[in-house]
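Letter by letter, the chains look like this.
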Amino acid sequence: MHKVETRTVVPIKGLRGEFVVPGDKSISHRAIMFASLAEGKSRIHGLLRGEDCLSTLKAFQSLGVEIIEKADDELIIQGRGLAGLQEPSDVIDCGNSGTTMRLMSGILAAQPFFSILTGDQYLRKRPMGRVINPLTAMGAKILGRDGNSKAPLAIDGGGLTPAEYHSPIASAQVKSAVLLAGMQIDGATTVYEPHLSRDHSERMLRFFGADLESFSGGARVNGRVQLTGREVEVPGDISSAAFFLVAGLIVPNSEILLKNVGINPTRSGIIDILQQMGGSIELTNQRELSGEPIADLLVKSSQLHGIEIGGELIPRAIDEFPVISVAAAFAEGVTTIRDAKELRVKETDRIAAMCECLGALGADIEPLEDGMRIVGGIRLSGGQVNSFGDHRIAMSMAIAGLGSASEVEILDVDCTETSFPGFWELLTQISRGNTS
Ligand code: S3P
């Protein structure tokens, strides 16, 4: 396949139209994983065919699961039950996907065979101690590079006992890894977290028949309950919709309708934040899809103003801070983001990356140890920026380009395939005829 490495985004006069964003990345990963661990057949509709989810799909194929690709966004998975996976004959490559590596660690730690997880140059730099430590406390035998803190991870599975784990961070990947290990062994495993992180694992595991209870401050699973194959419909990804929410707000004369977007309260922080900034976002047609709330989002251009963001809002919008910093640059006044140190260990250090990228276009943005401070309202110039190989940085800078004084060239953009195949085509489509 021919890969385009650089994209140039030109300022536009207005965004109009109605469209759907691709399936939710977090939910797509979990649908593949839980369907593989269930007894019987599952059918998944609306799956995200991003590279991250394909890494999960290939991982389960290498564990002996039969997966039939019916259409671009539809899979049939013949589950093998909790005890039916096979030892993989090769290293499992998780690509750029932290969710694949951390959730697979929990699954494989309880499986009675040997496996190795690796990933691309970015994933191999990210912290894995956060899953190795609680799993090791349950009796798992996991070895990693750099003092047992980084991938590749070698897992000699089996021999686990249940645990009560108090996670120091609000991380759905950590919570899920421990629950997935606990789900496969006798007894109750409980995870407590400082703020509620996304709860897709809890919702979908219950949907597949697991004995799992959520309570304020955490979740508990009773192990060895067999999952049963289901029909899953994946909602549109609010983290992908976020780029167009911000675009619709900052580009004058815009009105767009984003259809079938997941609005799970553990993910909808972006809506709350943009509304607090004065953004016009209306939720219509609210309903439920496979245990997840969804809605259509109507967005109209708005004059935004700066706000202070911290506390429980951080995990509820954790992937959206690159594009929130773009919104802040277009807002009147000061926006401060605190309590967001986790941004430093995402696909790249997103605090450093956004300060460099927006700074290069003339924004007044300063890094804080656990966030950023942005003085908005300065018209962004055009220029050239790097994505740092991070899909969300690349797409955020594309949105900044739509509202800048002149064109923005973004380097190294192949990474958008990770979570949003078709992003550039959609951007071209909604900008057509509207360039200024
Ligand atoms: C994810 C959880 C979040 C998020 C990531 C996807 C998931 O990571 O940033 O993009 O699917 O569980 P953390 O658990 O590290 O916060």
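Our subject is the structure that appears above.
Residues numbered from 1 in each chain as written. Predicted model: local features only at pLDDT ≥ 70, side-chain atom pairs only at ≥ 80, totals over all residues. Heavy atoms only, no water.

With respect to the overall build of the chain
Test applied: Labels follow the DSSP assignment, with helices taken as runs of H or I lasting at least four residues and strands as runs of E lasting at least two, numbered in each case from the N terminus. Values of the radius of gyration come from C-alpha atoms, whereas the globule rule sets the reference at 2.2 Å times the count of residues to the power 0.38. Exposure is judged per residue with a 1.4 Å probe applied to protein chains only, and the accessible area is read against the type maximum: over 50% gives exposed, under 20% gives buried, and values in between give partly exposed. In what follows, a contact means two residues having at least one pair of non-hydrogen atoms within 4.5 Å. Areas reported as accessible are Shrake-Rupley estimates using a 1.4 Å probe. Residue values count occlusion only from the protein chains shown. Positive residues here are Lys and Arg, negative ones are Asp and Glu, while His and the chain termini are left out of the count. In plain terms, the charge of a residue is placed at NZ if it is Lys, CZ if Arg, CG if Asp and CD if Glu.
Helix and strand counts for the chain come out as 14 helices and 23 strands. Here the chain has a C-alpha radius of gyration of 21 Å; the compact-globule value for 436 residues is 22 Å, and the two agree. For the chain, the spread of C-alpha atoms along the principal axes amounts to about 60 × 45 × 45 Å. In the chain, which comprises 436 residues, the share counted as buried stands at 60%. Here the contacts in the chain between residues at least 6 apart in sequence split such that 76% fall between residues at least 24 apart. Carbon and sulfur atoms make up 47% of the accessible area of the chain, which totals about 15500 Å². Distance from the positive charge centre (41 side chains) to the negative charge centre (54 side chains) of the chain: 1 Å.

A look at the pairing of strand β9 (residues 150–156)
Here is the rule: A pair of strands is treated as paired once DSSP finds two or more bridges between them.
The sheet contact formed by strand β7 (residues 114–118) and β9 spans four bridges and is antiparallel. Directly across from leucine 117, in β9, lies its bridge partner leucine 153. Pairing of strand β8 (residues 141–144) with β9 involves four bridges; the strand directions are antiparallel. Considered in β9, the bridge of isoleucine 142 is made with isoleucine 155.

Here we look at the sheet that holds strand β1 (residues 6–9)
In a beta sheet, neighbouring strands are held together by backbone hydrogen bonds and run either parallel or antiparallel to one another. Condition: An axis is simply a line fitted to the C-alpha atoms; with a helix, the fit covers only the stretch in contact. Between two such axes, the angle follows the N-to-C directions and lies from 0 to 180 degrees.
Taken in spatial order, the three strands line up as β1-β23-β22 in an open sheet, and their pairing is mixed. Of all strands in the sheet, those with a lone pairing partner are β1 and β22 (383–386), marking the two edges. Each neighbouring strand pair of the sheet contributes to a mean axis angle of 20°, computed without reference to strand direction. For β1 and strand β23 (residues 408–411), the ladder comprises four bridges, and the chain directions are antiparallel. Among the inter-strand pairings, threonine 8 is bridged to a residue of β23, identified as glutamate 409. Relative to β23, helix α13 (residues 391–402) is tilted by about 170°, and along the sheet it contacts β1, β22 and β23.

Observations concerning the pattern of salt bridges
Stated precisely, the cut-off is as follows: Salt bridge, as used here: a side-chain nitrogen of Lys or Arg that lies within 4 Å of a carboxyl oxygen of Asp or Glu.
On inspection of all chains with the given rule, the structure shows 26 salt bridges. Its salt-bridge partner being aspartate 186, residue arginine 224 comes within 3.5 Å of it at the nearest N-O pair. Of this pair, arginine 224 sits in the loop between β13 (218–222) and β14 (231–233) while aspartate 186 sits in the loop between α6 (172–182) and β11 (188–192); the two residues are 38 residues apart in sequence, bridging distant segments of the chain. Each member of the pair, arginine 224 as well as aspartate 186, carries the same accessibility label: exposed. With its nearest N and O atoms 3.8 Å apart, the salt bridge here joins aspartate 319 to arginine 392. Of the two residues, aspartate 319 sits in the loop between α10 (313–316) and α11 (321–330) while arginine 392 sits in helix α13, which places them 73 residues apart along the sequence. Classification of aspartate 319 by relative accessible area gives buried; the value is 12%. With relative accessibility at 2%, the residue arginine 392 sits in the buried group. A single network of salt bridges, built from pairs that share partners, joins Arg126, Arg198, Asp319, Glu347, Arg350, Asp390 and Arg392.

Side note on the environment of serine 239
Note the following rule: Two N or O atoms form a polar contact when they lie within 3.5 Å of each other; inside protein one atom must be a possible hydrogen donor and the other a possible acceptor, and for residues adjacent in sequence the pair counts only when both atoms belong to side chains.
Summarising the element assignment, serine 239 is placed in helix α8 (residues 238–250). Expressed as a C-alpha distance, the spacing of serine 239 and phenylalanine 420, which sit 181 residues apart in the sequence, is 9.6 Å. The residues contacting serine 239, other than those within four sequence positions of it, are Arg267, Asp319, Glu320 and Arg392. A distance of 2.8 Å separates a polar atom in the side chain of serine 239 from a polar atom in the side chain of arginine 267.

Focus: the sheet that holds strand β18 (residues 308–309)
As summarised here, the arrangement of the four strands in space is β18-β19-β21-β20, forming an open sheet in which the pairing is mixed. Here the strands that pair on one side only, and so sit at the sheet edges, are β18 and β20 (364–368). As paired strands, β20 and strand β21 (residues 371–375) are joined by five bridges and run antiparallel to one another. Within the sheet, the bridge partner assigned to glutamate 366 lies in β21 and is arginine 373.

So yeah, pure geometry; function would need other evidence.
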